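Letter by letter, the chains look like this.
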Amino acid sequence: MPHLDSSHLPAEMAVSTITLAELSAGPHATDDVEERARRQDQVQRAERTFDPIPFDIGAAQAFGRIYAAVTAKGRKARGRRAMDLLIAATALAGNIPLVTCNPEDFEGLEGLIDILPIDAEQAGRTHD
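Bear in mind that the values here come from a model prediction, so they are computed numbers and not experimental data.

Asks: Just to check I follow, could you spell out the overall build of the protein chain for this structure?
Replies: Looking only at helices and strands, one finds 4 helices and 2 strands in the protein chain. Going from N to C terminus, the protein chain has its helices and strands arranged as α-α-α-α-β-β. Counting over 128 residues, the protein chain shows a buried share of 34%. Partitioning the intrachain contacts of the protein chain with sequence separation of at least 6 by distance along the chain shows that 60% fall at a separation of at least 24.

Structure below.
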């Protein structure tokens, strides 16, 4: 899947509360002081920039469709992937495209949601 040029991103973007949860855990997942500070800055920037989309009853219901699509492709829908799939369910429930630096995390969902891959450097990230 080719990466989208940042000039083709939607004019209005949001972040899910699940993404904020992942970002909030990030600083605690490293012992490197500089990396921890970089991750904390990333969390704070996201909190200042976006009004998060909640994981609500619609997203919970959409998760069933996400789960079914992933398992139909023979992929696991639990464990490490669960957070990504909850983010996908939020996008499905809101009928909004999912912009990601990691499109492979959402393989098998192309028929349910629009996945817009973007290069990590264009998104202002150096790595996960």
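Asks: Would you mind going over the nonpolar core with me for this structure?
Replies: Here is a general trend for soluble globular proteins: nonpolar side chains tend to be buried in one another's company. Grouped together as the largest cluster of nonpolar side chains are 18 residues, with contacts concentrated most on I66, L85, A88, L98, F106, L109 and I113. Elements with a contribution of two residues or more to this core: helix 3 (57–72) and helix 4 (82–94). Tallying contributions element by element places helix 4 first for this core, with 7 residues. Leave out the neighbours within four places in its chain, and F106 touches R75, R81, D84, A88, L98, T100 and I115.

Here is what the cut-offs are and how they apply
- Residues numbered from 1 in each chain as written.
- Predicted model: local features only at pLDDT ≥ 70, side-chain atom pairs only at ≥ 80, totals over all residues.
- Heavy atoms only, no water.
- Helix = DSSP H or I, 4+ residues; strand = E, 2+ residues; numbered from the N terminus.
- Buried < 20%, exposed > 50% of the residue type's maximum accessible area, 1.4 Å probe, protein only.
- Contact = heavy atoms within 4.5 Å.
- Core = buried A, V, L, I, M, F, W, Y, C linked by side-chain atoms within 4.5 Å.

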